[in-house]
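Single-letter residue listing:
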Amino acid sequence: MKIITNIAEMKKISKDLKKSSRRISFIPTMGKLHNGHVKLIEKGKEYGDVIVSIFVNPAQFGPDEDFNNYPRDFENDSKILKDLNIGYLFHPAADIVKNTETFLIDPEYSNRLEGVFRPAHFQGVLTIVMKLFCIINPDFAFFGLKDYQQYILIKKMVEDYFLDIEVMPVPTVREKCGLAMSSRNAYFNEDDKKIACNFYKSLKKTADLFKAGETSGEKLTVSTIKELIKSGFKIDYLKIMDKGLNIEKQSVEAGDILLAAARFKGVRLIDNIFFE
Ligand code: PAF
């Protein structure tokens, strides 16, 4: 596996791959790889030569967030990628975002859900993803659906800027208990992790309630919120939206999505589930 830190070199490798008619599957990550990332990579392999990036992007963390403590394990990440037979790992230095003066924003979507609680987050995400897209120029880019709002925004950015990149959604990978895989799960001890599993269990219960015939947005969310608070979660939001994330739903239909973010033992969790 070739580890590339230099932007010009990464550009050249991508150009050469394209010249030899290879298709590029790109998986951007912030490292501390887990099975969720492995799933993205495996999907990527089905479509082309895989390039994975690892970069903990300071621009997407707020001043009170965990940028400094964000779990990093480059050695183990490289091993995982080597074992997966990945050809290229792009690991740029901080200057990829330092001194940037033109940030991409989407005020409409950024002001809802995650955007309300992490005001500059999507500005940082869109900007780094656009930079990576410009360097790598992939044919396909893979994103996990746990970060559903991120996926929707990136898809929109690709449309808005006429990029020839297919944004590929990949279903959330979960622990046995249902907890969505996340690099931040590394913050939990075993006991806390067991309780953290209640987060998804509650969302699933809400989806089951809909299946059983309840369609009132208020009724569906009120009991979930109460249950989560009782388990010790501090809820940032728990909302039912249409799948384009444009409107909050009062009367819920199949295809709508329940999205939630909550903190437990200081760890911020996000997750979602579609109503079927
Ligand atoms: O989803 C993530 O890990 C990050 O937001 C991403 C897309 C790698 C951008 O830093």
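Refer to the structure printed above.
Since the model is a prediction, treat every value here as computed from it, not as a measurement. (Residues numbered from 1 in each chain as written. Predicted model: local features only at pLDDT ≥ 70, side-chain atom pairs only at ≥ 80, totals over all residues. Heavy atoms only, no water.)

(A) How the structure looks around the site of the ligand. Residues in contact with the ligand, as listed here, are Pro-28, Thr-29, Met-30, Gln-60, Ile-128, Val-129, Phe-143 and Gln-150. With respect to the ligand, the side chain of Gln-60 contributes an N or O atom lying 2.6 Å from an oxygen atom. In this structure, an oxygen atom belonging to the ligand sits 2.7 Å away from a side-chain N or O atom of Gln-150. Breaking the shell around the ligand down by element, the ones donating at least two residues are β2 (24-29) and α6 (121-136). Residue composition of the shell around the ligand, by class: 5 nonpolar, 3 polar and no charged. (Near = heavy atom within 4 Å. Polar contact = N/O pair within 3.5 Å; in protein donor to acceptor, adjacent residues only side chain to side chain. Helix = DSSP H or I, 4+ residues; strand = E, 2+ residues; numbered from the N terminus. Nonpolar A, V, L, I, M, F, W, Y, C, P; charged D, E, K, R; others polar.)

(B) Fine view of the sheet that holds strand β6 (residues 166-170). Strand order in the open sheet made by the 6 strands is β1-β4-β3-β2-β5-β6, with parallel pairing throughout. The open sheet has two edge strands with one neighbour each: β1 (2-4) and β6. Sheet twist, expressed as the average angle between the axes of neighbouring strands with direction ignored, equals 25°. Of the strands in this sheet, β1, β2, β3 (49-54) and β4 (88-90) touch helix α1 (residues 7-19), which is tilted by about 130° from β1. Packing against the sheet, helix α7 (residues 148-160) makes contact with β5 (140-144) and β6, and its axis sits at approximately 170° to β6. (Pairing = 2+ DSSP bridges. Axes fitted to C-alpha atoms, helices over the stretch in contact; angles between N-to-C directions. Contact = heavy atoms within 4.5 Å.)

(C) Just the environment of Ala-59, in detail. Along the chain, Ala-59 turns up in the loop between β3 and α3 (74-83). Taking the relative accessible area as the measure of exposure, Ala-59 reaches 23% and is therefore partly exposed. Separated by 64 residues in the primary sequence, Ala-59 and Gln-123 place their C-alpha atoms 7.7 Å from one another. When residues no more than four places from it in sequence are discounted, the contact partners of Ala-59 are Phe-103, Ala-120 and Gly-124. (Buried < 20%, exposed > 50% of the residue type's maximum accessible area, 1.4 Å probe, protein only.)

Purely geometric stuff here, so don't read any function into it on its own.
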